[in-house]
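# Per-entry structural report
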Amino acid sequence: MTSPATRKRIIVAITGATGSILAVKTLLALRRLNVETHLIISKWAAETLKHETDYLPAQLKGLADFSHSVHDMAAPIASGSFRCDGMIIVPCSMKTLAAVSMGFGDDLIARTADVMLKERRRLVLVARETPLSEIHLRNMLELTRAGAVIFPPVPAWYIKPATLDDLLDQSVGRLLDLFDLDTQDFSRWNGWEKK
Ligand SMILES: Cc1cc2nc3c(=O)[nH]c(=O)nc-3n(C[C@H](O)[C@H](O)[C@H](O)COP(=O)(O)O)c2cc1C
C-alpha cells in the first residue's frame, strides 16, 4: 500500500463512445491500486453506460474518490495548479478528441485535457471509432504531436482470451502501464511457449 504522500492521482473522464465497460474496469483497477481518482462523466457517457452495462452513473461515481460535473469549469482539476499524474479519457469519442486537438475547452473534460497538455502531464485518449476518417486520423496526429497518447482499445489476440474479461483486463493493464501502474492481472508476452 502506498502512503498518502506518494499516492498517485489520476483524472478519469468518460465520454459517449461505445465501450463504457472499459471505464468501469479502469476505475476498479485504480481503486485496487490505491490511486486517487477524479471522475468526469459526459452526458452521452452516462447514456451509453446505462445502455451497455449494469452500472448507473451514481454507482460509477462511488468508485472514484472525487467526482466533478462536466459543466463545472471552476473545478480544481480545471487548473494547471492542480497537481496530478495525468488523465485518461476512456472511452474517448471523436467529438471530445476533436475538441482536445483544437484546444476547444468548452466542457470540463476538454478543458482538463488541455491543461494536461500545457502542463506536460500524461494524457491518454482511449479513442473509439471505426472506421476512421481522415479528420479522425488528422486529429489523432495533432494530439500525438502535442504529447498525448492515442490508445485505441484494440484487443491483443496473442493472449488467447477465453473470456471478455481477459480482453478487457489486458487492455486496462496496458493502459495503466502508461502510468507505471501494474495491475498484475493479465499475461504479458513472454516469447513463444515451449511445447
Ligand atoms: C450507443 C452510442 C454509441 C456511440 N459510440 C460512439 C463511438 O464509438 N465513437 C464516437 O466517436 N462516438 C460515438 N457515439 C456518439 C457520441 O456519443 C456523440 O458524438 C457525443 O456527442 C459525444 O459527446 P461527448 O464526447 O461529450 O461524450 C455513440 C453514441 C451512442 C448513443
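No experiment lies behind these values; they were computed from the predicted model shown.

Calculation criteria
Residues numbered from 1 in each chain as written. Predicted model: local features only at pLDDT ≥ 70, side-chain atom pairs only at ≥ 80, totals over all residues. UniProt positions renumbered as here; feature names shortened; annotations may be inferred. Helix = DSSP H or I, 4+ residues; strand = E, 2+ residues; numbered from the N terminus. Near = placed C-beta within 6 Å. Nonpolar A, V, L, I, M, F, W, Y, C, P; charged D, E, K, R; others polar. Expected span 1.5 Å × (residues − 1). Axes fitted to C-alpha atoms, helices over the stretch in contact; angles between N-to-C directions. Parallel < 35°, antiparallel > 145°, perpendicular 65-115°, else oblique. Left-handed = near helix turned anticlockwise from the far one by under 90°. Contact = placed C-beta atoms within 7 Å. Core = buried A, V, L, I, M, F, W, Y, C linked by C-beta atoms within 7 Å. Buried ≥ 20, exposed ≤ 12 C-beta atoms within 10 Å, placed from the backbone. Pairing = 2+ DSSP bridges.

Per the UniProt record, "binding site: dimethylallyl phosphate" (unreviewed entry) is found at Tyr158 and Arg174. In three dimensions, the annotated residues from a span of 17 residues occupy one location, with a maximal C-alpha spread of 13.7 Å. Checked against the element boundaries, Tyr158 lands in the loop between β6 (149-150) and α7 (164-177). Its location among the elements puts Arg174 in helix α7.

Our focus in this paragraph is the site of the ligand. In the region of the ligand, 15 residues are neighbours, and Thr15, Gly16, Ala17, Ser42 and Met94 sit closest. Going through the elements one at a time, α2 (43-52) and α4 (94-102) are the ones with two or more residues in the shell around the ligand. Looking at the shell around the ligand, the element that brings in the most residues is α2, giving 4 residues. Of the residues that constitute the shell around the ligand, the class distribution is 4 nonpolar, 8 polar and 3 charged.

Quick look at helix α1 (residues 20-32) now. The end-to-end C-alpha distance of α1 is 19 Å, a good match for the 18 Å that 13 residues give at a rise of 1.5 Å each. Remark: Asn34 follows α1 within two positions and exhibits a positive phi of approximately 60°.

A few words on the packing of α1 against α7. Closest axis-to-axis distance for the α1/α7 pair is 10 Å, and the angle between their directions is 60°. Comparing the axis directions of α1 and α7 gives the class oblique. Every pair of crossing elements has a handedness; the one defined by α1 and α7 is right-handed. Between α1 and α7, the residues in contact are Ile21, Leu22, Lys25, Thr26 and Ala29 and Leu168, Ser171, Val172, Leu175 and Leu176, respectively. Grouping the constituent residues of the contact of α1 with α7 by class yields 7 nonpolar, 2 polar and 1 charged.

A word on the nonpolar core. Judged by nonpolar contacts, the single largest core of 50 residues is most densely connected at Val12, Met87, Ile88, Ile89, Val90, Leu125 and Val126. Other than its neighbours up to four places away in sequence, Leu125 contacts Ile89, Cys92, Leu97, Leu143, Ala148, Ile150 and Phe151.

With respect to topology, 6 strands assemble into an open sheet ordered β3-β2-β1-β4-β5-β6, the strand pairing being parallel. In the strand order of this sheet, the two ends are held by β3 (66-68) and β6, each with one partner. One ladder, built from 4 bridges, connects strand β1 (residues 9-14) with strand β4 (residues 86-92); its direction is parallel. Each bridged residue has a counterpart across the sheet, and for Ile11 the counterpart in β4 is Met87.

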